[in-house]
Amino acid sequence: MNTTPVWSVDARTGARTAQVTVEASTEGVDDAVRAAHAAHPALADRTRRAAFLRAAADRIEAHGAELIATADAETALGTGRLTGELARTSFQLRAFAAVVDEGAFLDVVIDHADPQAAPAPRPDLRRWKVPVGVVAVFAASNFPFAFSVPGGDTASALAAGCAVVVKAHPDHPATSELAAKALREGAEAVGLPADVVRLVHGRQAGVDLVQHPLVSAAGFTGSIAGGRALYDLAAARPNPIPFHGELGSLNPVVVTEAAAAERAEEIGAGLAGSFTLGMGQFCTKPGLVLVPAGEAGDRLEKALTAGAGDAASGALLDARMRDGFLAGFAARAGLPGVSAPVGAGEDGYAVRPGYLTVPAALLADGAAGADSGDGGDDAYGLLLEECFGPVTVVVRYTGAAEVEAVLGRLPGNLTATLHAEPGEPGSAELLARLTPLAGRILFGGWPTGVAVAPAMQHGGPYPATTSTSTSVGGTAIERWLRPVAYQSVPQALLPVELRDGDGADGGVPRRVDGVLER
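Here the structure is a predicted model, which is why all the values come from computation and not from measurement. (Residues numbered from 1 in each chain as written. Predicted model: local features only at pLDDT ≥ 70, side-chain atom pairs only at ≥ 80, totals over all residues. Heavy atoms only, no water.)

(A) Region of interest: the pattern of salt bridges. Applying the stated criterion to the full structure yields 27 salt bridges. When the shortest N-O distance is used, the salt bridge between Arg 184 and Asp 195 registers 3.0 Å. With a gap of 11 residues between them, Arg 184 in helix 6 (residues 173-189) and Asp 195 in the loop between helix 6 and strand 7 (197-200) connect regions that are remote in the sequence. Assessed through its relative accessible area of 23%, Asp 195 is described here as partly exposed. Look at the salt bridges and you will find they share partners, linking Asp 58, Glu 61 and Arg 94 into a network. (Salt bridge = Lys/Arg side-chain N within 4 Å of Asp/Glu carboxyl O. Helix = DSSP H or I, 4+ residues; strand = E, 2+ residues; numbered from the N terminus. Buried < 20%, exposed > 50% of the residue type's maximum accessible area, 1.4 Å probe, protein only.)

(B) Spotlight on the state of the cysteines. As enumerated under the stated definition, the model contains 0 disulfides in all. Cysteine Cys 283 is unpaired, with the sulfur of Cys 387 as its nearest cysteine sulfur at 15 Å. With a relative accessible area of 15%, Cys 283 lands in the buried category. (Disulfide = S-S within 2.5 Å.)

(C) Quick look at the packing of aromatic side chains. Taken as a whole, this structure holds 6 aromatic pairs when the rule is applied. With a centroid separation of 6.4 Å and an interplanar angle of 55 degrees, the aromatic rings of Phe 325 and Phe 329 are classed as tilted. Within this pair, Phe 325 and its partner Phe 329 are both found in helix 11 (residues 319-333), separated by 4 residues, close to a single helical turn. Neither residue differs from the other here; Phe 325 and Phe 329 are each classed as buried. Of the aromatic side chains, those joined through ring pairs into one cluster are Phe 138, Phe 220, Tyr 231 and Phe 243. Over the ring of Tyr 349 we find Arg 322, and its NZ or CZ is 5.3 Å from the ring centre. (Phe/Tyr/Trp six-rings, centres within 6.5 Å; stacked < 30°, edge-to-face > 60°. Lys NZ or Arg CZ within 6 Å of the ring centre and 35° of its normal.)

(D) Quick peek at the sheet that holds strand 21 (residues 515-517). Here we have 5 strands laid out as an open sheet, ordered 19-4-3-20-21, and mixed in their pairing. Lying at the two open borders of the sheet, with one neighbouring strand each, are strand 19 (481-487) and strand 21. Each adjacent strand pair in this sheet contributes to an overall mean axis angle of 25 degrees, direction not counted. When strand 3 (residues 108-111) meets strand 4 (residues 125-131), the two strands line up antiparallel, connected through 3 bridges. In the strand pairing of strand 4, Val 109 is matched with Arg 127. (Pairing = 2+ DSSP bridges. Axes fitted to C-alpha atoms, helices over the stretch in contact; angles between N-to-C directions.)

(E) Region of the structure containing the environment of Ala 159. One can find Ala 159 in helix 5 (residues 152-160). Along the primary structure Ala 159 and Phe 52 are separated by 107 residues, whereas in three dimensions their C-alpha atoms are 9.2 Å apart. The residues touching Ala 159, leaving out its near neighbours within four places in the chain, are Arg 49, Leu 53, Phe 96, Val 100, Phe 105 and Ile 477. (Contact = heavy atoms within 4.5 Å.)

(F) Geometry of helix 8 (residues 224-236). In a regular helix each residue adds 1.5 Å, so 13 residues correspond to 18 Å; helix 8 covers 18 Å between its end C-alpha atoms and thus fits that length. Those residues of helix 8 lying buried are Gly 227, Leu 230 and Ala 234. Relative to the axis of helix 8, the buried residues are bounded by an arc of 70 degrees and lie together on one face. Structural note: helix 8 exposes Ala 225 and Ala 236 on the side pointing more than 90 degrees away from its buried face. Packed against the buried residues of helix 8 are strand 5 (134-138), helix 7 (203-211), strand 8 (215-221) and strand 9 (243-246). (Expected span 1.5 Å × (residues − 1). Arc of directions from axis to C-beta.)

(G) Region of interest: the sheet that holds strand 15 (residues 354-359). Read from one edge of the open sheet, 7 strands run 12-15-16-11-10-17-18, paired in mixed fashion. Looking at which strands have only one partner, the edges of the open sheet turn out to be strand 12 (339-342) and strand 18 (438-443). Adjacent strand axes in the sheet meet at a mean angle of 20 degrees, parallel and antiparallel pairs treated alike. Bridging between strand 15 and strand 16 (residues 391-397) involves 6 bridges; their strand directions are parallel. Paired with Gly 354 across the two strands is Val 391, which belongs to strand 16.

(H) Inspection of the pairing of strand 1 (residues 5-9) at higher detail. Only one face of strand 1 is buried, namely the one carrying Val 6 and Ser 8, since none of Pro 5, Trp 7 and Val 9 on the opposite face is buried. The pairing of strand 1 with strand 2 (residues 16-22) spans 5 bridges and is antiparallel. Residue pairing in the sheet places Val 9 in a bridge with Arg 16 of strand 2. Hairpin connection, strand 1 to strand 2: the antiparallel pair is bridged by 6 residues, and Gly 14 has positive phi, about 80 degrees.

(I) Structural context of the layout of surface pockets. By volume, the second largest pocket amounts to about 430 Å³. Along the wall of the second largest pocket there are 24 residues; nearest its centre are Val 99, Glu 102, Ala 104, Phe 105 and Thr 475. If you list the elements that add at least two residues to the lining of the second largest pocket, you get helix 4 (79-102) and strand 20 (510-512). Of all the elements, helix 4 adds the most residues to the lining of the second largest pocket, at 6 residues. Tallied by class, the residues present in the lining of the second largest pocket amount to 13 nonpolar, 4 polar and 7 charged. (1 Å grid on protein atoms, 1.4 Å probe; cavity = no way out; pocket = protein on both sides within 12 Å on 5 of 7 lines; lining within 4 Å. Points joined across faces, edges and corners; volume = space filled by probe spheres on them. Nonpolar A, V, L, I, M, F, W, Y, C, P; charged D, E, K, R; others polar.)

(J) The arrangement of the side chain of Thr 448 in detail. Relative to the assigned elements, Thr 448 resides in the loop between strand 18 and strand 19. Polar contacts involving the side chain of Thr 448 include one to the side chain of Ser 274, which spans 2.7 Å. Among residues more than four places away in sequence, those in contact with Thr 448 are Ser 274, Leu 277, Phe 282, Thr 284, Lys 285 and Pro 286. (Polar contact = N/O pair within 3.5 Å; in protein donor to acceptor, adjacent residues only side chain to side chain.)

(K) Spotlight on unusual backbone geometry. Of note, the amide linkage connecting Ala 118 to Pro 119 takes the cis form, showing an omega dihedral of 10 degrees. A cis geometry characterises the amide bond from Tyr 462 onward to Pro 463, with omega recorded as 10 degrees. By secondary structure assignment, the location of Pro 463 is in the loop between strand 18 and strand 19. Non-glycine residue Asp 107 carries a positive phi angle of around 50 degrees. For Asp 107, the position within the fold is in the loop between helix 4 and strand 3. Its identity is not glycine, yet Asn 251 carries a phi of approximately 55 degrees, on the positive side. Tracing the backbone shows Asn 251 in the loop between strand 9 and strand 10 (252-255). With a relative accessible area of 0%, Asn 251 lands in the buried category.

(L) Spotlight on empty space enclosed by the protein. Applying the stated criterion to the full structure yields 2 cavities of 30 Å³ or more. When its volume is computed, the largest cavity comes out at roughly 80 Å³. In terms of lining, the largest cavity is formed by 13 residues, of which the most central are His 244, Gly 245, Thr 465, Ser 471 and Arg 479. Secondary structure elements with two or more residues in the lining of the largest cavity: strand 8 and strand 9.

Here it is in structure tokens:
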């Protein structure tokens, strides 16, 4: 039995405040997974499943004051931000209830038998999607509600009909326990077993979860290193499983010369507000911004300097992230040719935001003029890696060739943003150039803020995510489903959604013999 304590820590002081529980042993993880697996069949009833999601949202709101106070103590994100995040979380649960009610996610396709079909007779075929099984969810540090125990991965997996075992994030264990309690209360309120949701704590518990033979898929939001390690474990299993990981993103922004000339001050102030929002702890924070050299770019930087300089200091989520941010900023600022118009630093236990600038030529040329000590590494490549916290890198370019050279070095991202003027020549080409780099392409505005909407895509090329799926919006449910086709099965043995006859479709949209029926 594992007796390693799990502590709740005050994010503003780093002091331990209470022991919440103990880390789960391998046997404890096994118990949790087996309990979830046993409860899983109870989610087959779509009507009850939708009712559960709504009841869970109700319970989250009923515990709202306690959840927000606990999360604020453990994350220092502030009650205003957390109040909005809690509302987003309950909205998300209800949105997935509506997805379950509609039933389009089942993707029902029926092709009746056709003995005359060419080039060969066709048998009766009926296809839909079924839940994959127990899903392991890894809670995120920076969203203690919306991307954690009651968050999008959990909500979409439950909506798909999958029981969930959540690995709590160590930054907010008490918040996680309260959120899990609310979800389990919601299950029991509609007659479902509480074990459709289970919670475990501890680093090794995450490894044990991914490797457990009864876990059929996993969702993760966190670092590239941690996510890649778990992804590799998932692929190395005797029966590999899908691992839907959100790992890291630079979220590049391109500002054209015309946009800078027309809106320099507006763009500079907007950038300052975006990269310092939530102390830069958003996965969609703009971390690399290409700005033209010259007078318009100087005006933009002046506004950025004012906004960043006025930004308040604040605590980061934990001491490890605080130390990583300070070290990361210093390492980048120490590169030849890189300057820090607003330097990040310590402010007691809190940190001050800052930003860096670098000529695009240095990034375009790679290691020219500097290396990391062995004569061959590209030291400037560090500027193309995410630095978690309130920092962004402004890259000053002198022409389209330098923009292309920098974009050509970027890895996959969650977002990419273009600031250009309406009708500006070359805008369409720039948007097309940004499209391969990210899952969401913005024209104007800033990427911090991800709407919970059916059309949202929150995911992108590796290392932003390990799959092409989205973790936000209704289609996030697709990650936890697999297609099954029934061939020549008697009507009475088919699920009701796949049968013929009036009223026999279960009320879901279907495509029958090539025609969409609603």
